[in-house]
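Here's the letter readout for the chains.
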Amino acid sequence: MTNGITVFGECVWLSSGWMENVAIKIDPIGTITDIETNAKYESSLMARLPGPAIPGMPNLHSHAHQRAMSGLSEFRASGPGGEDSFWTWRDVMHRFAEVLTPEILEAVATQLYVEMVKAGYTAVGEFHYIHHGPNGVAYDDPSEMSMALIRAATWAGIGITLLPVLYENGGYAGKPANAGQRRFISTPDQLLDIINAVETIHKADPQVRVGFAPHSPRQVTPEGMKAVFDGVTAMSADAPIHIHVAEQEKDVTESVEFTGKRPVEWVLENFDVGTRWCLIHATHLIESEISALATSGAVAGLCPVTEANLGDGIFPLIPYLEQGGRIGIGSDSHNSVSIIEELRLLEYGQRLIKRRRNLAAPGPGGSTGVRLYADSLKGGAQACGRPIGEISKGKRADFVVLDSAHPNLIDRSKDNLIDSMIFSGNTPKFQEVWIGGKRQVANGRHVREQDTLDTYSNVIRGLDF
Ligand SMILES: [Zn+2]
């Protein structure tokens, strides 16, 4: 592919809207260099897309290792009270994190990323906090676990924004870490070493970006957060910053108890939050926080399926969108790896509360599916800090080709196609997925699907936690 490639689509969703007979020219490193509409297909010069093409979706929030424990925390807790919650799920997750080696993490992440690509996700924001070995002993190479994730992404072909997590303590007021948290705990200097190592190796790789993630107001100190923020900014002035906030009601009550502020208030008051920032979940907001977050330029990173699975709550989507708020979606704990399910549940949560329909639609006659998909593309691209999220000149050549012979998509076009993709049926409707100008999914199958699954199966059978 020394001269790059040109692909031809009869119907393509460009940033200017749906266009016909589109030739997309892609350079050897996977960036779109030119787009021609009303072009003529030339079989000797172009690869033909077998259906309508839309931009690939960024998945802005992932904890890859949690893929291997999805479905294993659905028994009601035994013991006094028998109450199950986010916090009992977290105990299972901490126990599972204890058994991970770099090799296991790589196998699990590879399987996950292959599944993401098949599902139409073409980029991932990996919120990565298992930095050290068992019992919290640092690896000789501090970036060992981070590099395993980047190898997994490279194998699957997905673009990655690696977000090494600062996790300083077990809770507010310097609470000591429990046994399950020891592998996560880092000083600001240790974290900067990891970021620096990854940044140095992958600086020129258009498929890799490095950012920074203070875990949550609960797990960091303002001083630690500021030290890493300054160090990362010195390396890259626009590196993405992600933080968990206000996922559970307990996050809010603890924040008020220890800081006098609600978590989103605390972040907005202590940091210059703007377009580099992505606030993950931000589920529990009061009106003033909704307005402040919506007008800050930051993205709200929403993970509706995980938020439902963990009993978090429902994000106040409608007032937030009405005030210009930016959103993106993530599959977070990976109970589901489906753009369709995330977007559908995002809208359905609002419908169930308001007992009305089409709440995210931009106005009379507007499409709900197009609004949700387009906003999530834009916010996801911003949060990942990479030139993605639209099929246009200068962006990465990341797109998904729909199967127009799928029963749910027959005779659907343009906006109806997107609505039918999201709101009709459950089976995948993607025929091809292209990332950085390479076709990673053909006829609905990932090009490395079987090898990846074989390795993953062996690893899972050998796990004991
Ligand atoms: Zn998370």
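Cut-offs and rules
- Starting from 1, residues in each chain are numbered consecutively following that chain's sequence as written.
- Per-residue local features are limited, in this predicted model, to residues with pLDDT of at least 70; the limit for side-chain atom pairs, both in listing and counting, is 80 or more; totals at the level of whole chains, interfaces and linings are taken over all residues.
- Just so you know, side-chain values use all the structure's heavy atoms and leave hydrogens and water out.
- Each residue is assigned to one of three classes by its accessible area relative to the maximum for its type, calculated with a 1.4 Å probe on protein chains only: buried under 20%, partly exposed between the two thresholds, exposed over 50%.
- The numbering of helices and of strands both runs from the N terminus, where a helix is a DSSP run of H or I of at least 4 residues and a strand a run of E of at least 2.
- For two strands to pair, DSSP has to find at least two bridges joining them.
- Counted as donors are N, O and S atoms no farther than 2.8 Å from the metal, or 3.2 Å for Na, K and Ca; water is not among the atoms, and sites may therefore look incomplete.
- Here a cavity denotes grid points, spaced 1 Å and computed from the protein atoms alone, that fit a 1.4 Å probe unable to get out, and a pocket denotes an open set having protein on both sides within 12 Å along at least 5 of 7 lines; residues with an atom within 4 Å of a point are the lining.
- Grid points are joined across faces, edges and corners, and a volume is the space filled by probe spheres set on the points.
- Three residue categories are used. Nonpolar comprises Ala, Val, Leu, Ile, Met, Phe, Trp, Tyr, Cys and Pro, charged comprises Asp, Glu, Lys and Arg, and polar comprises the others, including Gly.
- Note on definitions: angles span 0 to 180 degrees between N-to-C directions of axes, and those axes are lines fitted to C-alpha atoms, for helices only across the stretch in contact.
- It is the rotation of the near helix from the far one that decides the hand of a crossing: anticlockwise by less than a right angle makes it left-handed, clockwise makes it right-handed.
- Residues count as neighbours in contact if any of their non-hydrogen atoms are within 4.5 Å of one another.
- Domain delimitation in this document rests on an assignment produced automatically or drawn from a domain database.
- The term buried area refers to how much accessible surface (probe radius 1.4 Å) is lost by two components on association, counted for both of them together.
- Salt bridge, as applied in this entry: a Lys or Arg side-chain nitrogen positioned within 4 Å of an Asp or Glu carboxyl oxygen.
- The term polar contact refers here to a pair of N or O atoms within 3.5 Å; inside protein, the definition further demands a hydrogen-donor-capable atom paired with an acceptor-capable atom, and it admits residues adjacent in sequence only when both atoms are side-chain atoms.
- Only rings of Phe, Tyr and Trp enter the pairing, Trp through its six-membered ring, and a pair is recorded when the two centres are within 6.5 Å. The plane angle decides the type: under 30 degrees is stacked, over 60 is edge-to-face, the rest tilted.

Observations concerning the pairing of strand 11 (residues 241–245)
- Strand 11 sits mainly inside the fold: five of its five residues count as buried.
- A two-sided burial pattern is seen for strand 11, the buried positions comprising Ile241, Ile243 and Val245 on one face and His242 and His244 on the other.
- Bridge count between strand 11 and strand 12 (residues 277–281): five bridges; the pairing is parallel. What sits directly across from isoleucine 243, in strand 12, is leucine 279.

Some thoughts on the coordination of the zinc ion
- Bound to the zinc ion on the protein side are His61 (NE2), His63 (NE2) and His244 (NE2), at distances that span 2.0 to 2.2 Å.
- Coordination of the zinc ion draws on donor residues from a single chain, spaced H-x1-H-x180-H in sequence. This pair shows no difference in class: histidine 61 is buried, exactly as histidine 63 is.

With respect to empty space enclosed by the protein
- Tallied over the full model, the rule gives four cavities of 30 Å³ or more.
- By volume, the largest cavity amounts to about 270 Å³.
- Looking at the largest cavity, it is lined by 25 residues, and the ones nearest its centre are Phe86, His215, Arg218, His244 and Glu247.
- For the lining of the largest cavity, the element with the highest residue contribution is helix 1 (residues 86–97), accounting for five residues.
- When the residues that make up the lining of the largest cavity are grouped by side-chain class, the tally is twelve nonpolar, eight polar and five charged.

Some details on the packing of helix 3 (residues 144–156) against helix 4 (residues 188–202)
- The interhelical angle for the contact between helix 3 and helix 4, taken along N-to-C directions, is 35°, at an axis separation of 9 Å. Between helix 3 and helix 4 lies a crossing whose hand is right-handed. Residues Ser146, Met147 and Ile150 of helix 3 pack against Ile194, Ala197, Val198, Ile201 and His202 of helix 4.
- Here the contact of helix 3 with helix 4 is composed, by residue class, of six nonpolar, two polar and no charged.

Points about the domain arrangement of the protein chain
- Domain parsing of the protein chain yields domain 1 (5–55 + 391–450) and domain 2 (57–384).
- One C-alpha centre belongs to domain 1, the other to domain 2; they are set 28 Å apart.
- The partner domain 2 presents 30 residues to the 28 residues of domain 1 that form the contact.
- Of all residues in domain 1, the largest losses of buried area upon contact with domain 2 belong to Ile422, Phe423 and Arg448, amounting jointly to 26% of the total for that side.
- There are one salt bridge connecting domain 1 and domain 2.
- Put simply, glutamate 449 and lysine 118 hold a salt bridge, and the shortest N to O gap is 3.0 Å.
- Linking domain 1 to domain 2 there are ten residue pairs in polar contact (both at pLDDT 80 or more).
- In terms of residue count, helix 13 (residues 414–423) provides more of the side of domain 1 that touches domain 2 than any other element does, six residues in total.
- In terms of residue class, the side of domain 1 that touches domain 2 is made up of 14 nonpolar, seven polar and seven charged.

Description of the packing of aromatic side chains
- Summed over all chains, the structure comprises 13 aromatic pairs.
- Consider the rings of phenylalanine 8 and tyrosine 41, whose centres lie 5.3 Å apart with planes at 45°: the pair is tilted. With phenylalanine 8 in strand 1 (residues 5–14) and tyrosine 41 in the loop between strand 3 (32–36) and strand 4 (46–48), this residue pair connects regions lying 33 residues apart in the sequence.
- With a centroid separation of 6.2 Å and 40° between ring planes, the pair formed by tyrosine 129 and tyrosine 167 is classed as tilted. Of this pair, tyrosine 129 sits in the loop between strand 7 (121–128) and helix 3 while tyrosine 167 sits in the loop between strand 8 (159–166) and helix 4, placing them 38 residues apart in sequence.

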